[in-house]
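# Understanding the architecture of this molecule
Listed below, chain by chain, are the residues.
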Amino acid sequence: MVKSAARVFELLELFDAERRPLRVTEIVQRLDMPQSSVSMLLKTMVARGYMEFDAADRSYCPSVRISFLNEWAMRAPGQRQDMQDAMRRLADDTGESVLLGRQSGLLLQYVSIIESQRALRFSPSPGTLRPLHRTAIGIMLLSRQDDERIGLLLRRYNAEKLGPTARIAETFRAIAFAREHGWYESASLATPGAGVIATLLPTPIRQQRLAIGVGAPVDRLHKRRRMLLDAVLAAAQATAATQAK
């Protein structure tokens, strides 16, 4: 048995049993693991987007990304549609890549992605991290937060030099558009030549906001904007209705 792999499963099983955030000391006591090993494992899982860290009370909790791993294997044929089904339908209807994202600290993380079958496409890998303010999905997620918190996030991003300097006034203009219209379209923000049309999912998943979008080369996205936008908005509403059942 590979010890490091076994510890990952033991950790996830502990959270499943406790069903609440846990601190390092609690995990060490319950699993009888060295604190250094637990800390390293948790930091790795946070970096990969599988674990959330709450700095206020120093606790950890599995992220929403865990919920999307192999959930398809647990459903019987004919069972009601879930978010992954909605994403697949959106991909079929548009022929473009479909992306689901969440906030991870100062960054956006793509939780789940369905790749377009077109030769020329935009398809980052699941788990990929991007600056929140440089993605359409990130702008949508920021749009639900108050201006003071957004300003703090952007200034902290700039202070930590995580990437190109965030242009705060420009980002607030983008957020204002997203708030007014309920959607946002990016063009060559995080990836040159690629863009995304995104909107929020109305219903939080495990108390966390998610946003969904379709991604494609910028020229194709612009030419098909009306059709793609309608499809994205419809998918978000359908998902909300499903979650409410």
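Described in the following lines is the structure provided in the data block. (Residues numbered from 1 in each chain as written. Predicted model: local features only at pLDDT ≥ 70, side-chain atom pairs only at ≥ 80, totals over all residues. Heavy atoms only, no water.)

With that out of the way, let us pick up helix H1 (residues 3-18). Residues that lie three or four places apart on an α-helix share one face, since the helix turns once every 3.6 residues. If you check H1, its first and last C-alpha atoms are 22 Å apart, about what 16 residues at 1.5 Å a residue would give, namely 22 Å. Three or more residues of H1 are buried, namely Ala 6, Leu 11, Leu 14 and Phe 15. Taken together, the buried residues of H1 touch strand S1 (22-23), helix H2 (24-31), helix H3 (35-47), strand S2 (51-54) and strand S3 (59-62). Arg 19 occupies a position one or two residues after H1 and carries a positive phi of about 55°. (Helix = DSSP H or I, 4+ residues; strand = E, 2+ residues; numbered from the N terminus. Expected span 1.5 Å × (residues − 1). Buried < 20%, exposed > 50% of the residue type's maximum accessible area, 1.4 Å probe, protein only. Contact = heavy atoms within 4.5 Å.)

Right, let's talk about the side chain of Ser 116 for a bit. The residue Ser 116 is located in the loop between strand S5 (107-114) and strand S6 (129-131) in this model. A relative accessible area of 2% means that Ser 116 is categorised as buried. A polar side-chain atom of Ser 116 sits 3.0 Å from the main-chain amide nitrogen of Arg 118. (Polar contact = N/O pair within 3.5 Å; in protein donor to acceptor, adjacent residues only side chain to side chain.)

Pairing is antiparallel across the open sheet formed by three strands, whose spatial order is S1-S3-S2. What marks the edges here is a single partner per strand, and that holds for S1 and S2. Pairing analysis gives four bridges linking S2 to S3, with the strands arranged antiparallel. Within S3, the position partnered with Phe 53 by the bridge is Tyr 60. (Pairing = 2+ DSSP bridges.)

What follows is about the nonpolar core. Core analysis: the biggest nonpolar cluster contains 27 residues, and Leu 99, Tyr 110, Ile 137, Met 140, Leu 141, Tyr 184 and Val 196 have the highest contact counts within it. Elements that contribute at least two residues to this core include exactly S5, helix H5 (136-142), helix H6 (147-160), helix H7 (168-181) and strand S8 (194-200). Sorting elements by how many residues they give to this core places H5 first, with six residues. Core analysis: the second largest hydrophobic core is formed by 23 residues, Ala 91, Val 98, Leu 210 and Ala 235 among them. (Core = buried A, V, L, I, M, F, W, Y, C linked by side-chain atoms within 4.5 Å.)

Time to look at unusual backbone geometry. Note: most peptide bonds trans; most residues except glycine with negative phi. With a phi angle near 55°, Arg 19 is a residue other than glycine that sits in the positive phi range. You can see Arg 19 is positioned in the loop between H1 and S1. Residue Ser 188 is not a glycine yet carries a positive backbone phi of 55°. Looking at the element boundaries, Ser 188 is found in the loop between strand S7 (184-187) and S8.

Attention now moves to the sheet that holds S8. Adjacent strands of a sheet form backbone hydrogen bonds with each other and so pair up, either parallel or antiparallel. The antiparallel open sheet is built from six strands, whose spatial order is S6-S5-S4-S9-S8-S7. The open sheet terminates on both sides in strands that have one partner only, identified here as S6 and S7. Looking at each pair of strands side by side, their axes are set apart by 30° on average, direction ignored. Here S7 pairs with S8 via four bridges, running antiparallel. Along S8, the bridge assignment pairs Tyr 184 with Ala 198. (Axes fitted to C-alpha atoms, helices over the stretch in contact; angles between N-to-C directions.)

In short, shape yes, function no, at least from these values alone.
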